[in-house]
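Fold and contact review
If you want the building blocks of each chain, they are given just below.
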Amino acid sequence: MTSSTITFDGVSHAFGDTPVLRDISLTLAEKRIAVVGANGSGKSTFARMINGLLLPDQGAVSIGGLDTAKDGKAVRRRVGFVFQNPDNQIVFPIVEEDVAFGMKNLKFSKAEIETKTGKMLRRYGLEGHRSHPAHLLSGGQKQLLAISGVLVMDPEVIVFDEPTTLLDLRNKLRVAEAIEALEQTAVVVTHDLDLIADFDRVIVFDEGRILADDAPTPALKAYVEAMSGV
Amino acid sequence: MLSTRDIVSIALFAAMTAALGLFPPITLPTGVPITAQSMGVMLAGALIGARRGGLALLLFAVLVAIGLPLLAGGRGGIGIYFGPTAGFVLSWPIAAYVTGWLFDKHRGQPHPGISALYLIIGGIGVVYVIGWAWLAVMNGWDIAKTFTVALPFIPGDLIKVALTVIIARGVKKAIPTL
Amino acid sequence: MFELYRPGNSFLHAMRPGAKLLALAAAGTGVFLLPGLPAIIAVMLAVLAIYAATGLGLATAWAQLRPVLLVFAILFAAQVFIAGWLTGAFFIARFATLLLLAGLLTLTTRVSDMVAAMEIGFQVLRPLGLNPSKISLALALALRFIPVLAQITGEVREAQRVRGLDGSIIAVAIPVIVRTLRMSDAIADAIEARGYNPDKA
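First, a word on what this report is: a plain description of the structure on this page.

Rules behind the numbers
- Residues numbered from 1 in each chain as written.
- Chains lettered and ligands numbered in written order.
- Predicted model: local features only at pLDDT ≥ 70, side-chain atom pairs only at ≥ 80, totals over all residues.
- Heavy atoms only, no water.
- Contact = heavy atoms within 4.5 Å.
- Core = buried A, V, L, I, M, F, W, Y, C linked by side-chain atoms within 4.5 Å.
- Buried < 20%, exposed > 50% of the residue type's maximum accessible area, 1.4 Å probe, protein only.
- Helix = DSSP H or I, 4+ residues; strand = E, 2+ residues; numbered from the N terminus.
- Pairing = 2+ DSSP bridges.
- Axes fitted to C-alpha atoms, helices over the stretch in contact; angles between N-to-C directions.
- Buried area = accessible area lost by both parts, 1.4 Å probe.
- Salt bridge = Lys/Arg side-chain N within 4 Å of Asp/Glu carboxyl O.
- Polar contact = N/O pair within 3.5 Å; in protein donor to acceptor, adjacent residues only side chain to side chain.
- Right-handed = clockwise from strand over helix to strand, strands pointing away.

Quick notes on the arrangement of the chains
- By contact count, the dominant pairing among the two pairs of chains in contact is that of chains B and C.
- One thing to see here is that chain A and chain B don't touch, and their nearest C-alpha atoms sit 10 Å from each other.

Observations concerning the nonpolar core
- Ranked by internal contacts, the top residues of the largest apolar core, which has 128 residues, are B:Leu63 and C:Leu141.
- By residue number, the principal contributor to this core is helix α2 (residues 39–65) of chain B, which donates 16 residues.
- With residues near it in sequence (within four places) discarded, B:Leu63 still touches B:Ala14, B:Leu68, B:Leu70, C:Leu139, C:Ala142, C:Leu143 and C:Ile146.
- Formed by 42 residues, the second largest nonpolar core is a distinct cluster that contains A:Ile113, A:Tyr124, A:Val188 and A:Ile196.

Focus: the sheet that holds strand β4 (residues 58–63) of chain A
All names here are of chain A.
- The antiparallel open sheet is built from four strands, whose spatial order is β2-β1-β4-β5. With one partner strand each, in any of the chains shown, β2 (18–28) and β5 (66–67) form the two edges of the open sheet.
- Note that strand β1 (residues 6–15) and β4 share five bridges and pair antiparallel. Each bridged residue has a counterpart across the sheet, and for aspartate 9 the counterpart in β4 is alanine 60.
- The strands touched by helix α1 (residues 43–50) are β1, β2 and β4; relative to β1, the strand with the most contacts, the crossing angle is about 125 degrees.

Let's talk about the interface of chain A and chain C
- Every contact between the two is made by 23 residues of chain A and, on the other side, 21 residues of chain C.
- Summed over both partners, the interface of chain A with chain C comes to about 2100 Å²; 60% of that surface belongs to carbon and sulfur atoms.
- Broken down residue by residue, the surface that chain A buries against chain C is led by A:Asn88, A:Val91 and A:His135, which jointly contribute 27%.
- At the junction of chain A with chain C, the criterion picks out three salt bridges.
- For C:Asp189, the salt bridge is made with A:Arg48, and the minimal N-O distance between the two is 3.0 Å.
- Here chain A is connected to chain C by seven residue pairs in polar contact (both at pLDDT 80 or more).
- For the side of chain A that touches chain C, the secondary-structure elements that each account for two or more residues are α3 (86–89) and α4 (95–105) of chain A.

A short note on α4(A)
- Across the 11 residues that make up α4(A), a large majority, eight, are buried.
- Where α4(A) is concerned, the buried positions are A:Val95, A:Asp98, A:Val99, A:Ala100, A:Phe101, A:Gly102, A:Met103 and A:Asn105.
- Each element contacted by the buried residues of α4(A) is listed here: α3, α5 (110–123) and α6 (139–151) of chain A together with α8 (132–162) and α9 (169–193) of chain C.

Some words on the pattern of salt bridges
- Applying the stated criterion to the full structure yields 20 salt bridges over all chains.
- The residue A:Arg130 makes a salt bridge to A:Glu96 at a minimum N-O spacing of 2.9 Å. Of the two residues, A:Arg130 is situated in the loop between α5 and α6 and A:Glu96 in helix α4; the sequence distance between them amounts to 34 residues.
- With relative accessibility at 22%, the residue A:Arg130 sits in the partly exposed group.
- The exposure class assigned to A:Glu96 is partly exposed, which follows from its relative accessible area of 27%.
- One salt bridge in this structure joins A:Arg201 and A:Asp213, with 2.8 Å as the shortest N-O distance. Placement of the pair is A:Arg201 in strand β9 (residues 201–206) and A:Asp213 in strand β10 (residues 209–214), with a sequence separation of 12 residues.
- Salt bridges sharing common partners tie together A:Arg48, A:Asp161, B:Arg5, C:Asp185 and C:Asp189.

Focus on the pairing of strand β7 (residues 157–161) of chain A
All names here are of chain A.
- Taken across its five residues, β7 has five buried, putting it largely inside the fold.
- Every second residue of β7 is oriented toward a common face, with Val157, Val159 and Asp161 on one face and Ile158 and Phe160 on the other, all of them buried.
- With four bridges connecting them, strand β6 (residues 79–82) and β7 associate as parallel partners. Within the sheet, the bridge partner assigned to glycine 80 lies in β7 and is isoleucine 158.
- Taken together, the five bridges between β7 and strand β8 (residues 185–189) define a ladder with parallel strand orientation. Looking at the pairing, isoleucine 158 lines up with alanine 186 of β8.
- Crossover connection from β7 via helix α7 (residues 169–180) to parallel β8: handedness right-handed.

Below is the structure:
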């Protein structure tokens, strides 16, 4: 097991009386993992449990042996989370301030924050916007800024919750490229089946259970069949 | 203690009060202009309660002071607090707190008549007492005479109370867990 | 950033925000102690001279007063009604002078510098149980989301225009507030996912 191995052990969860995850057990050690399923299938709940944003009612989730319920802080350091709508994820008015936010929370040194901010903004072609209001960026640039703010914290796993849903085609491609180029483990929750065609593993959720867990081609075939009622 | 969620609600209601300043003012038949902005005070009290509502309007007042043109008509800057209308902006955090304190006594939403009464006490009463008294003192006016000058503004503020009751109920219907 | 700041390189631009605030407080108090109309007008001319000297210009000075002309007119009418026109002129001149003085601070100080100055000030509040990092976060969030909410308000008005409802404050306010409140949970999650801990900060 490496420090980025994700383990779900007998995880069940409900919102009120509605069960959203039913007895999920699996181990994820691949580099590119996709999570698909209809709205309400439990896939977003699953994603939120990986970095401890949600703790399971029953069972346990661990990342490289760190339990999300017991070692919350260490888990957050290890697992970054990129949300669907970058407008909700960018929390500082100026681009460079937003990139620095997570590093400040983790008490990185001033010099380190400075260097890493510059490096990350150059990587995503945002260096010209360094001192601009984040509000003025395009949708794709905002998503890249959101990703930058997570990457500078040196996570080993990054969870993406529908990162391309709100983007136009050109920006979708930019974000897809950014995900592809990551060295880290990426868990991507998405409806965008093109985005995950080359992934190592695809998990299909249906009503809180795992419907398929396979390579992209067979997993997506099972998904399409289930959804069309064949 | 303020949770992260509390801090976010405070900041968003401060921002919303700023956005309300973007609505063009309506001029009443009496010639008195009314702006939607002071509804931010009533809405904050009615929707997020005393502590968060009061802090949201305090944050708004600070943002105005540090040089953002957030008041209706694009006014802002520390000069507001030296001007004749300073008492109004300064009364808003207290008014939102008092309104929220009244609303906090209820689980769910009070009867519309009760809501209106609370908004009149917190959103009009507190604002008038502080705002107009400030104006009177700054101008060296007699308090009683000052309130006769204030009278024409009351109908506009009553309209805002009615609007806030309807809006707050609509919002709570959409988000019952609020 | 949308703000009232005007770039420049005058002595006022170079002054520290804290020092400017203290100077403004002193000057403002001074104006309050002035006895009569001629003294107020003399000080007002001096302030206008500073506008000219700092490169802000008299047009900018006028722009400080223009938005409040209506308020001044109402106040002046009320003053004439309550206390006579000479008193009215005195009070209006005093307000105008104070506004111009305060404008000097606002026009020559960036919002970000003001925030930085305040953050130092907040440290003093720590013993009173106020948490400077929470105040800073609230300020940053408000600055970040004011344009977002303005944009959402614009979008909702646009959508309601199609239905002929863009003039209805109710039809616009409810969807804007509902969207804002729904956003707030997502924003709080995003803040905590990036390692912010309100109890440790």
